[in-house]
Amino acid sequence: MPGCGGPAGLASPSGPPPPLARRPAAAAAAASRMARRPELLCGAAALLAGAFLAALKVTCSRAKDVTMPAKLPVNFFSSTSPVIDFFLGQLDHAELVRQDSEVTLFFFYAPWCGQSIAAREDIEKVAISLADQVLFVAINCWWNQGRCRKQKHFFYFPVIYLYHRSFGPIEYKGPLNAVYIEKFVRRVMTPLLYISSQSSLQRFLSSYEPGVLGYFEFNHSPQPPGYLTFFTSALHSLHKDYLGTIHFGVITDKLIAKEIPLTNSGSVYLHRHINTSLLYPHEAMNYTAENICRWALENQETFVRWLRPHGGKSLLLNNELKKGPALFLFLPFDPLAENQPLVDEISSLALAYSSCNRSGPGGPGTDHLWGGGGGGETSATAIPLPLAEPFPVSPSPCCNTVLLPPQLPAISRTHNVCELCVNQSVGVQPSRLGSPHCSFFEIEAALDSFYLKERTFLQVVSKSASLCSNFLSFYSPFSYYTACCRTVPRGTLGLFGSPSTPLLPLEMAFSSRGKRWTEEPPRSTPHIEVRDGLLLDGSVPRSDLTGLSCRTNKTLNLYLLDSNLFWMYAERLGAPKVASLKEFAVIVDLKEEAHYVLGQGQALIRSHLETFIRNYSVVYSPLKRCLVGHTRPAHSGAQHRIREVATDTFQEVVLRSDKDVLLLYYAPWCGFCAALNHVFIQLARILPNNFIVARVDVSQNDLPWEFMTDHLPNILFFPLQRKEQSVKFPEDFPVTLPNLLRFLLRHTSPPPPGAGSQPDLLQGRLSLLEREIQQLRVEARALREAQALLRAQLSEARKEEQRLQRESQALQKQQGALQTLYNQKARELAEVAGKLQELAQASQTLLAENTLLKVLLASVERKRGAELESGLAQEEAGLVVPAGEKNENAPLETRIASEHSKENWTE
């Protein structure tokens with residue numbers, strides 16, 4: 001590893017060089033060479049300086065580690081668990097262990113992942129159950145030093161891979177639940193079901209899931225040709241479809257294979273319930289595992305499908321709902337159970353519903369009229385004939401007398417009763433059942449066709465005249481019906497009937513598009529939930545639903561969901577949150593933005609589901625749209641002046657109220673809605689008691705179509721006497737208190753006639769409101785003026801603030817200059833003070849020297865005076881000494897003082 005102080009290439013391979021003190025001779029020689037060649041010394045110095053600068057730059061520019069290094073991982077599974085835990089991410093060790101097992105499950109996890117922690121217990125349960133047959137391996141694929149993290153790049157955790165010997169990986173994407181994981185592991189363990197008897201063959205073929213059978217003779221060889229390819233194709237199907245919708249089986253008995261029939265060894269057979277079953281085309285396609293799997297997936301038929309959303313962001317439900325209306329059946333499901341009676345019953349219902357090639361009007365005996373290909377495609381189309389053209393009538397048609405709703409625009413103007421008779425065309429063979437009456441569904445189809453074509457025979461006739469017309473059936477070209485309409489007094493509506501038809505409860509009238517035309521909520525005939533007493537023969541044949549998906553324009557796709565895992569979806573669609581038996585059926589129509597719920601009091605059995613599907617399939621369906629609502633806790637007190645409206649209280653508070661109602665549509669996530677709260681609170685305080693200010697959370701409450709909105713916020717006003725004529729607040733007007741008051745005054749209901757003093761009271765309230773509006777206007781004008789004055793003051797204050805900021809900046813600059821000048825003068829003064837101090841010291845020295853000189857001078861003068869006196873005395877005595885001699889014979893101190901005094905004089 002290179003050192004931190006310099007490059008790694010300077011060190012010798014055998015180790016670091018010895019210190020310089022241990023090699024004095026070499027150092028001396030090098031020093032002598034550098035002394036002889038000074039350019040060498042300069043180059044070495046420059047090189048060392050550059051190396052030092054580079055090392056210093058790298059050291060200073062390198063970011064320092066501010067995070068704590070990751071701790072070593074620990075075991076994710078306990079030591080007693082049958083799961084082998086490679087918590088250091090040893091993927092290579094896991095691959096070596098996998099080679100010794102036939103089936104291996106790899107559980108890739110991250111220790112911090114919540115789903116990995118939640119699935120750990122389920123993996124242990126499956127491992128305890130299958131530890132003697134399957135090897136369970138867990139690998140920490142998050143440890144950054146492990147091989148798994150370096151080789152695998154997963155975008156989510158946990159990830160489950162299964163290997164069957166050398167085949168794999170097969171990724172499991174289903175629910176992280178022990179029973180579902182164990183079911184999938186068992187499918188990988190035994191991808192082929194061995195058909196050993198006719199009963200097992202019958203069970204395999206009667207399953208609602210698609211089935212692929214292969215016939216192989218094991219008599220001649222222990223491993224017949226093509227068997228391994230077929231075995232691998234079963235694993236391929238699990239790899240492409242984790243739900244395992246296609247079952248693969250193998251037949252080894254020649255007699256059992258003839259039942260399908262399969263005669264040649266290596267033949268592959270795809271069983272289909274509705275369309276014709278297929279044999280694998282060996283001549284057109286190569287016999288490979290991928291081709292067999294792709295052929296089975298492309299040609300399978302699924303009339304009922306399991307949905308298993310994984311709980312995250314997914315388009316699974318959205319993609320399925322885009323295909324058309326869907327029937328979702330929520331039921332408790334155990335994947336490991338051997339018998340599923342409820343699933344089998346629903347599957348048989350779905351099979352009958354989708355069996356289009358058996359849905360001819362004449363029953364099973366007329367299958368040739370509908371073609372052998374299935375899929376609901378008929379060989380003929382309905383060609384409408386002129387209404388006056390007669391039809392040959394069969395001897396015993398079935399008839400039904402019905403009432404006409406008054407809202408129908410054509411016949412209802414002049415007639416109120418019609419008699420419908422269903423007849424068969426000439427040339428159609430009778431049903432093998434030999435039933436003399438038409439089925440319940442044929443009456444429904446005739447009625448729907450009559451409603452659709454009702455406009456075509458609008459004629460201006462008197463109320464006493466009858467109007468009869470012939471029509472081709474809307475659903476089948478092989479039958480027609482006769483409609484005879486007339487007017488009957490309302491008092492005798494329940495007393496008439498047809499000789500060929502039993503009397504029906506005619507007071508149960510039809511409703512169109514959910515609108516009422518009587519005082520009580522109407523009941524419908526024959527679109528009913530309870531069928532007692534409404535059928536021609538007392539019961540509905542089981543074949544009524546057969547092929548219905550191809551005889552209606554409202555075809556349903558059937559889906560199954562496990563209510564133990566996905567009950568939250570059922571709750572959002574209207575199921576109760578607390579249910580003893582988690583069974584729920586709902587039809588969702590994304591195009592119509594509606595869903596219909598099977599009554600909670602009805603069990604999830606075939607008869608109820610058949611009625612539910614038939615009632616939806618008719619054109620004028622009696623099913624009521626389910627409105628899911630969320631009731632908030634009610635607030636009491638005068639401070640809560642705005643009423644909270646929910647789905648179940650909308651009719652009572654808004655439509656049936658004896659007051660004018662102003663309704664606000666909002667949602668919690670709508671910021672503009674929250675900004676209007678204070679306006680509506682003020683409005684609720686101002687309005688009198690004959691007004692109601694309410695709001696509805698449309699994100700949690702469904703309303704009828706005519707009362708829904710496409711944007712938020714939205715405001716509707718429902719006048720007292722004109723609830724059906726609701727008025728929308730204009731979008732281009734700002735939502736302010738004056739605008740709302742003008743809107744209410746403009747659209748308030750007029751007072752009822754003969755109300756006495758009510759107009760005066762209303763007029764007084766209106767005048768009070770007008771005065772309050774005027775006061776509000778004056779206040780608003782004063783507020784606007786105050787706002788303008790405040791804006792002017794704020795502008796002046798801002799200008800003054802800017803001027804002060806500029807002055808402050810100038811003062812700061814001057815202060816800086818003064819500070820610099822002060823510092824300069826201080827330095828100069830310090831220098832002058834130093835010089836003055838030096839001068840003072842020199843003056844003191846000179847003063848001391850001057851004093852000494854004065855003393856010396858005085859002493860010299862005294863001596864000189866003494867000498868003069870002595871000289872005078874000698875002269876007087878006659879002794880004359882020359883001047884030079886006197887000086888030479890004078891003492892040394894005297895001569896020095898004399899010379900010193902001379903020097904001072906000279907200076």
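Note that the structure is a prediction, hence the values are computed from the model and not measured.

1. Concerning the sheet that holds strand S24 (residues 727–728)
Spatially, the five strands line up as an open sheet ordered S20-S22-S21-S23-S24, and their pairing is mixed. The sheet is open, and its two borders are formed by strand S20 (643–645) and S24, each paired with just one other strand.

2. As for the packing of helix H8 (residues 227–240) against helix H10 (residues 289–299)
Here H8 crosses H10 at 55 degrees, and the two axes come no closer than 8 Å. The orientation of H8 relative to H10 falls into the category oblique. Considering how the two elements wind past one another, H8 and H10 form a crossing that is right-handed. Facing H8, whose interface residues are Thr229, Thr232, Ser233, His236, Ser237 and Lys240, H10 presents Ala289, Glu290, Ile292, Cys293 and Leu297. Per-class residue counts for the contact of H8 with H10 are four nonpolar, five polar and two charged.

3. Digging into the packing of aromatic side chains
A complete count under the given rule lists 31 aromatic pairs for this structure. Arranged with centres 4.1 Å apart and planes meeting at 15 degrees, the rings of Phe76 and Tyr109 form a pair that is stacked. Here Tyr109 lies in strand S2 (residues 103–109) and Phe76 lies in the loop between helix H2 (38–61) and strand S1 (84–86), a separation of 33 residues in the sequence. The burial state of Phe76 is the same as that of Tyr109; both residues are buried. Between Phe154 and Phe157, the aromatic rings sit 6.1 Å apart at their centres with planes inclined by 75 degrees, giving edge-to-face as the arrangement. Ring-pair connections join several aromatic residues into one group, and the members of that group are Phe106, Phe108, Trp112, Trp142, Phe154, Phe157, Tyr161 and Tyr163.

4. Describing a positive patch on the surface
A surface patch of positive charge is lined by Arg742, Arg746, Arg777, Arg781 and Arg784. For the positive patch, the elements supplying multiple residues, two or more each, are helix H19 (737–747) and helix H20 (758–877). The dominant element in the positive patch, judged by the number of residues it contributes, is H20, at three residues. Within the element layout of this structure, Arg746 appears in helix H19.

5. Let's talk about the state of the cysteines
In total, this model carries one disulfide according to the counting rule given. The disulfide that involves Cys141 links it to Cys148, with 2.1 Å between the sulfurs. Taking the torsion about the sulfur-sulfur bond, which here is approximately -95 degrees, the covalent link between Cys141 and Cys148 counts as left-handed. With respect to burial, Cys141 and Cys148 carry one shared label: buried.

6. A closer look at the pattern of salt bridges
When the charged atoms of two side chains with opposite charge come close together, those side chains can pair. Evaluation of the coordinates by the stated rule reveals 12 salt bridges. Between Arg147 and Asp92 there is a salt bridge, with the nearest N and O atoms lying 3.5 Å from each other. Here Arg147, found in helix H5 (residues 147–151), pairs with Asp92, found in helix H3 (residues 91–98); they are 55 residues apart in sequence, far enough to count as distant. Overall, Arg147 belongs to the partly exposed group, its relative accessible area being 42%. Residue classification places Asp92 among the partly exposed residues on the basis of a relative accessible area of 32%. In this structure, the salt-bridge partner of Glu610 is Arg606, at a minimum N-O distance of 2.9 Å. Of this pair, Glu610 and Arg606 both sit in helix H15 (residues 606–617), four residues apart, roughly one helical turn. Assigned by exposure class, Glu610 and Arg606 land together as buried. Connected via shared salt-bridge partners are Arg305, Glu320 and Lys323.

7. Brief notes about the side chain of Ser549
Relative to the helices and strands, Ser549 resides in the loop between strand S16 (479–486) and strand S17 (557–562). Within the local environment of Ser549, its side chain forms a polar contact with the backbone oxygen of Tyr353, the two atoms lying 2.8 Å apart. When neighbours within four sequence positions are excluded, Ser549 is seen to be in contact with Tyr353, Ser354, Cys356 and Thr555.

8. Thoughts on the packing of helix H4 (residues 114–130) against helix H6 (residues 178–189)
For the pair H4 and H6, the least separation of the axes is 9 Å and the interaxial angle reads 45 degrees. The angle between H4 and H6 places the two elements in the oblique class. Along this stretch, H4 crosses H6, giving a crossing that reads as right-handed. Only Ala178, Ile181, Glu182, Val185, Arg186 and Met189 of H6 make contact with H4, whose side of the interface consists of Asp122, Ile123, Lys125, Val126, Ser129 and Leu130. Broken down by class, the residue content of the contact of H4 with H6 amounts to seven nonpolar, one polar and four charged.

Criteria and thresholds
- Each chain carries its own residue numbering, running from 1 in the direction its sequence is written.
- Predicted model: local features are reported for residues with pLDDT of at least 70 only, side-chain atom pairs are reported and counted for 80 or more only, and whole-chain, interface and lining totals are derived from all residues.
- As a convention, hydrogens and water are excluded, and side-chain values are obtained from all of the structure's heavy atoms.
- Any two strands with at least two DSSP-identified bridges between them are counted as paired.
- A run of H or I in DSSP counts as a helix once it spans at least four residues, and a run of E counts as a strand once it spans at least two, with each numbered from the N terminus.
- Note on definitions: angles span 0 to 180 degrees between N-to-C directions of axes, and those axes are lines fitted to C-alpha atoms, for helices only across the stretch in contact.
- Geometric relationships in this document are graded by angle, where less than 35 degrees denotes roughly parallel, more than 145 denotes roughly antiparallel, 65 to 115 denotes roughly perpendicular, and other angles denote oblique.
- Note on convention: the crossing is left-handed when the near helix lies turned anticlockwise from the far helix by less than a right angle, right-handed when the turn is clockwise.
- Contacts are assigned to residue pairs that have any heavy atoms within 4.5 Å of one another.
- When residue character is reported, Ala, Val, Leu, Ile, Met, Phe, Trp, Tyr, Cys and Pro are called nonpolar, Asp, Glu, Lys and Arg charged, and the others, Gly included, polar.
- Planes of paired rings set the category: under 30 degrees apart is stacked, over 60 is edge-to-face and the rest tilted, where pairs are Phe, Tyr or Trp rings (Trp by its six-membered ring) whose centres lie within 6.5 Å.
- Accessibility here uses a 1.4 Å probe with only protein chains present; expressed as a share of the type maximum, an area under 20% marks a residue as buried, one over 50% as exposed, and anything in between as partly exposed.
- Patch membership needs two things, relative accessible area over 30% and no salt bridge, and members are linked within 9 Å if like-charged or within 5 Å if nonpolar (Val, Leu, Ile, Met, Phe, Trp, Tyr).
- A 1.4 Å probe and the Shrake-Rupley method give the accessible areas. Residues count as covered only by the protein chains that appear here.
- Whenever a carboxyl oxygen of Asp or Glu lies within 4 Å of a side-chain nitrogen of Lys or Arg, that contact is scored as a salt bridge.
- Here the positive residues are Lys and Arg and the negative ones are Asp and Glu; neither His nor the chain ends is included.
- Where a charge lies is defined by one atom per residue type, namely NZ (Lys), CZ (Arg), CG (Asp) and CD (Glu).
- Note on terminology: disulfide denotes any pair of cysteine sulfur atoms within 2.5 Å.
- The term polar contact refers here to a pair of N or O atoms within 3.5 Å; inside protein, the definition further demands a hydrogen-donor-capable atom paired with an acceptor-capable atom, and it admits residues adjacent in sequence only when both atoms are side-chain atoms.

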